[in-house]
Amino acid sequence: MRSAVDELESKGEAARKAARTLANIPGPVKDRALVSIAESLKSCHEEVLAANEKDYEAGVRDGLTASLLDRLLLTPDRLDGIADGVRSVVALPDPVGETMDMRTMPSGIQVGRRRVPLGVIGAIYESRPNVTVDISALCLKSGNAVILRGGKEALHSNTALSSLVRDSIADAGVPEDAVQFIEDTDRALVGRMLKMKDTIDLIIPR
């Protein structure tokens, strides 16, 4: 367990460092990274589907219900749908730097609120591999790094998808360490993530 904790903390530190860079990356560069993800999803069907097949076959052997197997299954059409979802995120306005509720005080000073990235988001989810891409895209768009912890049922799929995302954003000029995936499925690591207050700013269970 010690080595798994060390890996988790190392990835957390890498995400924290990447988050500082990502917070200052302009919207067009982030959008270019997202487009790169979408294009990779379109062109790398075979690698992702091969990884998903391993998870699906293991799920059948383990007696997963039909509904869980359906959530787990990826097909070319579903990958295209995930890619289209990423492109829909590209179309959203960049939230970083948006100002709201501006008002002028009697002294003449302008006061308002400005949206800034949180930093590092921890995401905990189960057997839907599409979530790996969905959460990564939303975090990148909002200027946040992310640490992904998926369920064991989709381990091979999530590993392939997170690697695809990391490679794609690196090609577009965004630090690949802004997306981290925890490959160890020991549930004890979730408890450890909850204690990483100096590294993870927000945890989202999905």
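Residues numbered from 1 in each chain as written. Predicted model: local features only at pLDDT ≥ 70, side-chain atom pairs only at ≥ 80, totals over all residues. Heavy atoms only, no water.

K.L.:
So what's going on with the nonpolar core? Which residues, and what values?
P.N.:
Ranked by internal contacts, the top residues of the largest apolar core, which has 52 residues, are I37, L41 and L140. At seven residues, helix α1 (residues 2–22) tops the list of elements feeding residues into this core. With residues near it in sequence (within four places) discarded, I37 still touches V86, V133, L140, L164, V165, S168 and I169. (Core = buried A, V, L, I, M, F, W, Y, C linked by side-chain atoms within 4.5 Å. Buried < 20%, exposed > 50% of the residue type's maximum accessible area, 1.4 Å probe, protein only. Helix = DSSP H or I, 4+ residues; strand = E, 2+ residues; numbered from the N terminus. Contact = heavy atoms within 4.5 Å.)

K.L.:
I'd like to hear about the packing of helix α5 (residues 76–90) against helix α6 (residues 130–141), residue by residue, with values.
P.N.:
Their axes nearest at 10 Å, the elements α5 and α6 cross at an angle of 10 degrees. When the axes of α5 and α6 are compared, the pair comes out roughly parallel. The two elements α5 and α6 meet at a crossing, and its hand is right-handed. For the pair α5 and α6, the contacting residues are I82, V86, V89 and V90 in the first and N130, V133, D134, A137, L138 and K141 in the second. (Axes fitted to C-alpha atoms, helices over the stretch in contact; angles between N-to-C directions. Parallel < 35°, antiparallel > 145°, perpendicular 65-115°, else oblique. Left-handed = near helix turned anticlockwise from the far one by under 90°.)

K.L.:
Could you give an account of helix α3 (residues 45–61), with specific residues and numbers?
P.N.:
Taking 1.5 Å as the rise per residue, α3 with 17 residues should run 24 Å; its terminal C-alpha atoms sit 24 Å apart, in good agreement. Residues of α3 that are buried: H45, V48, A51, N52, D55 and G59. Projected down its long axis, α3 shows its buried positions confined to an angular sector of 145 degrees, all on one face. Turned more than 90 degrees away from the buried face of α3 sit E46, K54 and R61, all of them exposed. (Expected span 1.5 Å × (residues − 1). Arc of directions from axis to C-beta.)

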